[in-house]
Amino acid sequence: MRRKAKVTPLKILVFSDSHRSLAGMYAAIDRHLPQQVIHLGDMVDDAEELARFYPKLPFCMVPGNCDGWTTMPVKKQIVLEGRSILLSHGHRWGVKSGYDMAISDARAAKADILLFGHTHRAVCEQLEDGLWMLNPGPSRSSYGVIELTDTAAVCSVLLQE
């Protein structure tokens with residue numbers, strides 16, 4: 001009889017709106033030992049500093065409204081463990097006034113997970129059609145965790161300790 005191999009999830013940490021508050025991000029990375037980090041802007045310089053400190057850890061980042069002029073795309077769509085993830089800071093979607101534009105864009109892109117920041121309010125919700133929507137909140141107080149396997153995606157928001 002064949003034994004099923006234990007499925008180890010791909011762990012992703014999601015940060016946003018760090019605004020030069022890096023201590024919590026360092027602590028979260030050291031605590032969770034993720035295989036991927038995503039930073040959703042405000043301040044991408046912070047994400048670049050983290051990436052230099054953890055050179056073997058893959059980072060994906062987008063700029064926010066406080067990041068000034070950059071040639072970095074403000075929206076990206078990536079695929080991890082077969083899941084499509086749409087990410088942006090959120091200011092171009094007007095998320096402070098509601099999530100409709102962001103959700104519509106994610107559905108049009110056939111995304112499985114929608115990531116944004118900008119509001120400084122953590123949100124983690126799976127919508128009726130299965131779309132996960134995650135705003136990790138400001139990194140000084142919270143961050144997002146995504147665990148992906150070949151059969152499931154689970155998203156959550158954790159408070160900084």
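These figures come from a predicted structure and were not determined experimentally.

1. Some points on helix α2 (residues 44-53)
Then step 1. By the burial criterion, the buried members of α2 are Val44, Asp46, Ala47 and Leu50. Seen from one end, α2 has its buried residues packed into an arc of 150°, which puts them on one side.
Then step 2. If you follow the buried residues of α2, they end up packed against α1 (23-32), β2 (36-39) and β3 (59-61).

2. What about helix α3 (residues 100-108)?
Then step 1. The set of residues buried in α3 consists of Ala102, Ile103 and Ala106. Looking straight down α3, one finds its buried side chains confined to an arc of 95°; they lie on one side. Residues of α3 that are exposed and point over 90 degrees away from its buried face: Asp100 and Ala108.
Then step 2. Looking at the buried side of α3, the elements it contacts are β5 (83-88), β6 (113-115) and β8 (132-135).
Then step 3. Once α3 ends, the next one or two residues include Lys110, with phi positive near 60°.

3. Here's the deal with the sheet that holds strand β9 (residues 142-148)
Then step 1. Pairing within the open sheet is mixed, and its five strands lie in the order β3-β2-β1-β9-β10. Two strands lie at the open edges of the sheet, namely β3 and β10 (153-159), each paired on one side alone. Averaged over all neighbouring strand pairs, the angle between strand axes comes to 20°, with direction disregarded.
Then step 2. Note that β2 and β3 share three bridges and pair parallel. If you follow Val37 over to β3, its bridge partner there is Phe59.
Then step 3. Across the sheet, α1 lies against β1 (10-15), β2, β3, β9 and β10, angled at about 170° from β1, the strand it touches most.
Then step 4. Helix-sheet contacts for α2 involve β2 and β3, and the interaxial angle to β3 is about 170°.

About the thresholds
Here, residues in each chain are numbered from 1, in the same order as that chain's written sequence. Given that this is a predicted model, residues contribute local features only at a pLDDT of at least 70 and side-chain atom pairs are listed and counted only at 80 or more, while totals for whole chains, interfaces and linings are drawn from all residues. Side-chain numbers here rest on the full set of heavy atoms in the structure, without hydrogens or water. Exposed residues in this analysis have more than 50% of their type's maximum accessible area, buried residues have under 20%, and partly exposed residues fall in between, with area computed by a 1.4 Å probe over protein chains only. Helix and strand definitions follow DSSP, with helices as H or I runs of at least four residues and strands as E runs of at least two, each counted in order from the N terminus. Each direction from the helix axis to a C-beta atom contributes to the arc, which is the arc of those directions. Here, two residues are considered to be in contact whenever any of their heavy atoms come within 4.5 Å of each other. In short, DSSP must find at least two bridges between two strands for them to pair. Only the stretch in contact is used when a helix axis is fitted, and all axes are lines through C-alpha atoms; the angle between N-to-C directions ranges over 0 to 180 degrees.

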